[in-house]
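Observations on chain architecture
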Amino acid sequence: MTPRPSSSGPDPKKTAEEKSAAKKAAPPQKAVAKKTTAKKATAKKATAKKAAAKAPVATETTAAKTAAAAKKTVAKKTVGKETVAKKAVAKKTPARKPAAKKAVKAAVPVEVAVSPSLDAVDRERLLAGTHHDPHSVLGAHSVPGGVAFRAFRPYALAVTVLSGELRVELHDDGDGFFSGLVPIQEVPVHRLLVTYEGTAQEVDDPYRFLPTLGDLDLHLIGEGRHEQLWQALGAHPVTHEGVAGTRFTVWAPNARGVRVAGGFNFWDGTGHPMRSLGGTGVWELFLPGVGAGELYKFEITRPDGSRTFRADPLARRTEVPPATSSVVHASDYTWGDEEWLARRAAAPAHEAPLSVYEVHLASWRPGLTYRELAEQLPAYVADLGFTHVELMPVAEHPFGGSWGYQVTGFYAPTARLGDPDDFKYLVDRLHQAGIGVLMDWVPAHFPRDDWALAEFDGRPLYEHSDPLRAAHPDWGTLEFDFGRREVRNFLVANAVYWCEEFHIDGLRVDAVASMLYLDYSREPGQWTPNEHGGRENLDAVAFLQEMNATVYRRVPGVVTVAEESTAWDGVTRATHHKGPSGFGGLGFGLKWNMGWMHDSLEYMSHEPVHRKYHHGEMTFSMVYAYSENYVLPISHDEVVHGKKSLVSKMPGDWWQQRANERAYLGFMWAHPGKQLLFMGQEFAQGAEWSEAHGPDWWLLDPEYGAAADHRGMRDLVRDLNTVYRVTPALWQRDTHPSGFAWVVGDAAEDNVLAFLRLDADGTPLLAVSNFAPVVRPDYRLGVPDDVPAWHEVLNTDAARYGGGDVGNPDPVKPEPQGWHGRPASVRLTLPPLSTVWLRPA
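Residues numbered from 1 in each chain as written. Predicted model: local features only at pLDDT ≥ 70, side-chain atom pairs only at ≥ 80, totals over all residues. Heavy atoms only, no water.

Applying the stated criterion across every chain, the model contains 46 aromatic pairs. Where tyrosine 462 meets phenylalanine 490, the ring centres are 5.0 Å apart and the plane angle is 65°; that geometry is what we call edge-to-face. Highlighted residues: tyrosine 462 in the loop between β24 (445–446) and α12 (467–470) and phenylalanine 490 in helix α13 (residues 485–501), separated in sequence by 28 residues. Per residue, the accessibility class of tyrosine 462 equals that of phenylalanine 490, and both read buried. Here tyrosine 624 and tyrosine 630 contribute two aromatic rings whose centre-to-centre distance is 5.9 Å and whose plane-to-plane angle is 80°, an arrangement assigned as edge-to-face. The buried category is assigned to tyrosine 624, whose relative accessible area is 18%. Tyrosine 630 sits in the buried class, given a relative accessible area of 9%. (Phe/Tyr/Trp six-rings, centres within 6.5 Å; stacked < 30°, edge-to-face > 60°. Helix = DSSP H or I, 4+ residues; strand = E, 2+ residues; numbered from the N terminus. Buried < 20%, exposed > 50% of the residue type's maximum accessible area, 1.4 Å probe, protein only.)

What follows is the structure, encoded as structure tokens:
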């Protein structure tokens, strides 16, 4: 969604009274300004005054356009009959009351004395963009002899102060500076009438306002403990001291000065310097009349005196890439997912059914917006029975080919698909369909784009100051400085932000392993040990612990998931519980089981005749299955870059490939742990995924000859989820050894695996996989003797899935013959390349 054109605020339209006054003030033809030479200094502005009276009173944005062309233009006296009405017109010039902003019918001109001159250093610093406290010299201030008014309006011909019936025309001090001394006792609430060539604008003076951030906000920012940082920093449309506008705040402690530039000042921030708020490194400016939809950036003067234009790190909305500006945003979305939020915390994620459909939103149905996706994605996912979707990164990123894993706008959903409220609508519709929303979150690194976070204020700020610690060795990006409290705060608050503001149900944290180890992808000499001489990144450990503890405390019912591929001890252990390594747990709720994924896919890639030599690859996962709370991921990473799609990894002809995939998914859904499947794999897409065109939906078209094969695979996934959700034995004790028992795990010659899953009451499910391409009739398996009969509830070889329909259609009764160390046994028909599930009849 394209941001709306620049405006002067939420309601840039003039009132009827203002239009009438402007119409009377404007001559029939455009006034051409020319400065006249006067004998007296007090008459210096006479002609500018005439131009001000005759020119229409415009909004700040409208006037700024003319102002840009008027930088070197001098006032020109208008000759004609209209000049006779100068006094009458001046009385009718709109002057608004400070709060109500209504036109004042009469204004009292006041003779103004020359104010105390602006210090040369202050003047130069304002011009150079290096002033840390412009409010101390601009605006209105009590001085001996009255109140001094100063304005910095580059390109203006004249500036007049308006306050009630008071009208004070300021002296032109050159270079855009205007000043005057008024013999009054108290500083009034005032507005400015700024005259440019052919037009004028009446605006509130930004430099008359107190800071918009309070001491508590600044204290929390300084301590790195502001858990709702997005409410303090960034751009926020607010009403401040009775005036509508936008509060701009940014953390840039190394900057010599910061200015706001945007569409409202035609990208010239010279006249809008920000003030530094103490030692926090925060800069602030309230700009009256600037509203939602405006484009902006921060113009930062770096320590070496050079300048850089930077997008707002806390921007909640951005332009559509490749454009890079931030956008002032105000949400007016009303949520409808109260019932979902109320029940999502009923059980922890590791004790509840959780099967995840992983989606890349931009390519799932290419060309659809967030709101268009909301009409299709929830229905599709609900039909397939998944409990959750996991969205690949949605935070703004400049390069679509990164799939969102190189983030520049950590607080902004990508504008490619719509605005933030559109994304909220998508999440809301998923919740209303009974589907949870997990989101990929990338706190490990960020790209080097010179308009984003890299050396944001001229020195390393978000990245580590040590170049060896800052540069990510694999991705050409920069790593965050997790040891700096403000950076940790930026990231911890960001995790909370997505959960609180967008109702996200969980965060899958990307590249955790790269954060945890100082020597990750680094050779000797390229890293420095920690204070204990080890390779652990203690700063990253502390950050992850703080992030998890904060999110779980603030947002009931959410889950955090670590993409972590090493043997780090305690990824899903509570942060306050120390393990053998001496570290407290990282505090995640779940962890991706990358070992299971690699081992099982390696096994499946072999021809069945060779699988007996790799049997341990399917059983080894149970050695460590209860060391963490696991997710079994068949993710996007496994179906790109030459790795082939899931069905294409399987050996054999087309029938065998599909049979292998069906058997594998049946094994996966029965294995301890939660399930994740990437889009397109649910219908056996043969090609690798491409972000350019997404899944091959045409494979499901009834007109396509092999559509039934692909629809059969999708029907299996639907049935796997259906049976899974109503069978507590498959999820209730995923993280406890009492929920699993081998029946036979060593039948390597047969390529058979069989095990029991048990719920909290001990009710079992028997899962049997035959990874050989032959039927095994009367295959005897040991079972408990307290189940009178077993009923087949799922068979991946069923004809409706594309199989040969071999199976056990009738209930199977145990025989008193002991087998596999159990008192009873059953004889089953095992279909080729299949998995069957049986429950007590």
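Here we take up the environment of arginine 123. Here arginine 123 lies in helix α5 (residues 120–128). Residues arginine 123 and proline 134, spaced 11 residues apart in sequence, show a C-alpha to C-alpha distance of 9.9 Å. What arginine 123 contacts, discounting residues up to four positions off in sequence, is Leu118, Asp173, Gly174, Asp175 and Phe177. Within polar-contact distance, the side chain of arginine 123 engages the backbone oxygen of aspartate 173 at 2.8 Å. (Contact = heavy atoms within 4.5 Å. Polar contact = N/O pair within 3.5 Å; in protein donor to acceptor, adjacent residues only side chain to side chain.)

This brings us to the sheet that holds strand β12 (residues 243–251). Overall, antiparallel pairing links the 4 strands, which are arranged β11-β12-β15-β14 in an open sheet. Of all strands in the sheet, those bounded by a partner on one side alone are β11 (234–240) and β14 (275–276). (Pairing = 2+ DSSP bridges.)

This part covers the side chain of threonine 246. Of note, threonine 246 is situated in strand β12. Within the structure, threonine 246 has its side chain in polar contact with the backbone oxygen of valine 290 (distance 2.6 Å). Those residues in contact with threonine 246, other than ones at most four positions away along the chain, are Ala235, His236, Pro237, Val238, Leu285, Phe286, Leu287, Val290, Gly291 and Val328.

The predicted model of the chain has a mean per-residue pLDDT of 89, with 87% of residues at 70 or higher. Low pLDDT, under 50, characterises residues 1–106; the stretch is placed with 192 contacts to residues that sit more than four places away or in other chains. (pLDDT = per-residue confidence, 0-100.)

This next bit is on the nonpolar core. Ranked by internal contacts, the top residues of the largest apolar core, which has 178 residues, are Phe248, Leu361, Phe423 and Trp498. Element by element, the count of residues in this core is highest for α13, at 10 residues. The residues contacting phenylalanine 423, other than those within four sequence positions of it, are Leu361, Tyr370, Leu391, Val394, Pro413, Trp498, Phe502 and Ile504. If you look at the next biggest cluster of nonpolar residues, it comprises 21 residues, including Leu766, Val787, Trp790 and Val812. (Core = buried A, V, L, I, M, F, W, Y, C linked by side-chain atoms within 4.5 Å.)

Moving on: the pairing of strand β15 (residues 282–288). Most of β15 sits out of view: 7 of its 7 residues are buried. Residues Val282, Glu284, Phe286 and Pro288 of β15 are buried on one face, and the alternating residues Trp283, Leu285 and Leu287, pointing to the opposite face, are buried as well. Judged from the 7 bridges that link them, β12 and β15 form a sheet pairing that is antiparallel. Considered in β15, the bridge of valine 250 is made with tryptophan 283. Judged from the 2 bridges that link them, β14 and β15 form a sheet pairing that is antiparallel. Bridged to serine 276 within β15 is tryptophan 283. The hairpin formed by β14 and β15 contains 5 residues between the paired strands, and glycine 278 there has a positive phi angle of roughly 65°.

Another aspect to go through is unusual backbone geometry. Both trends apply: most residues other than glycine have a negative phi, and most peptide bonds are in trans. Here proline 321 and proline 322 are connected by a cis peptide whose omega angle stands at 15°. For proline 322, the location among the structural elements is in the loop between β17 (307–310) and β18 (326–327). Positive phi is not limited to glycine here, since tryptophan 403 has a value of about 65°. Mapping tryptophan 403 onto the fold places it in the loop between β21 (395–396) and β22 (409–413). In the Ramachandran plot, asparagine 751 falls in the positive-phi region, its phi being about 60° despite a non-glycine side chain. Residue classification places asparagine 751 among the buried positions, given a relative accessible area of 4%.

Moving on to the packing of helix α10 (residues 377–384) against helix α20 (residues 707–725). Helix packing geometry: the angle between the two helix axes and the distance between the axes. The geometry of α10 relative to α20 is characterised by a closest axis approach of 7 Å and an angle of 70° between their N-to-C directions. Regarding the angle of α10 to α20, the classification is roughly perpendicular. On the side of α10, the interface is formed by Tyr380, Asp383 and Leu384, while α20 contributes Arg714, Val717, Arg718 and Asn721. Tallied by class, the residues present in the contact of α10 with α20 amount to 3 nonpolar, 1 polar and 3 charged. (Axes fitted to C-alpha atoms, helices over the stretch in contact; angles between N-to-C directions. Parallel < 35°, antiparallel > 145°, perpendicular 65-115°, else oblique. Nonpolar A, V, L, I, M, F, W, Y, C, P; charged D, E, K, R; others polar.)

Strand pairing in a sheet is mediated by backbone hydrogen bonds. Such pairs are either parallel or antiparallel. The strand order β19-β20-β23-β26-β27-β28-β29-β30 describes a closed barrel built from 8 strands, whose pairing is parallel. Sheet twist, expressed as the mean angle between neighbouring strand axes with direction ignored, is 25°. Most of the contacts of helix α11 (residues 420–432) go to strand β23 (residues 436–441), to which it runs at about 135°, and overall it touches β20 (388–391) and β23.

Bringing the environment of leucine 753 into the picture now. Among the structural elements, leucine 753 can be located in strand β32 (residues 752–758). For leucine 753, a relative accessible area of 0% corresponds to the buried category.

This part covers the pattern of salt bridges. Inspection of every chain in the model, using the stated rule, returns 37 salt bridges. When the shortest N-O distance is used, the salt bridge between arginine 508 and aspartate 510 registers 2.9 Å. One salt bridge in this structure joins aspartate 569 and arginine 573, with 3.2 Å as the shortest N-O distance. A relative accessible area of 27% means that aspartate 569 is categorised as partly exposed. Among the ionic contacts, a cluster of salt bridges with common partners joins Arg225, Glu227, Arg488, Glu500, Glu546, Arg553 and Arg554. (Salt bridge = Lys/Arg side-chain N within 4 Å of Asp/Glu carboxyl O.)

Turning our eyes to something else, we now look at α11. Spanning 13 residues, α11 covers 18 Å between terminal C-alpha atoms, matching the ideal 18 Å at 1.5 Å per step. When α11 is considered as a whole, its buried residues turn out to be Pro420, Asp421, Asp422, Phe423, Lys424, Tyr425, Leu426, Val427, Asp428, Leu430 and His431. The N-cap of α11, judged by a side-chain oxygen 3.0 Å from the amide nitrogen of aspartate 421 a few residues on, is aspartate 419. Positive phi appears at glycine 434, one or two residues downstream of α11, with a value of about 80°. (Expected span 1.5 Å × (residues − 1).)

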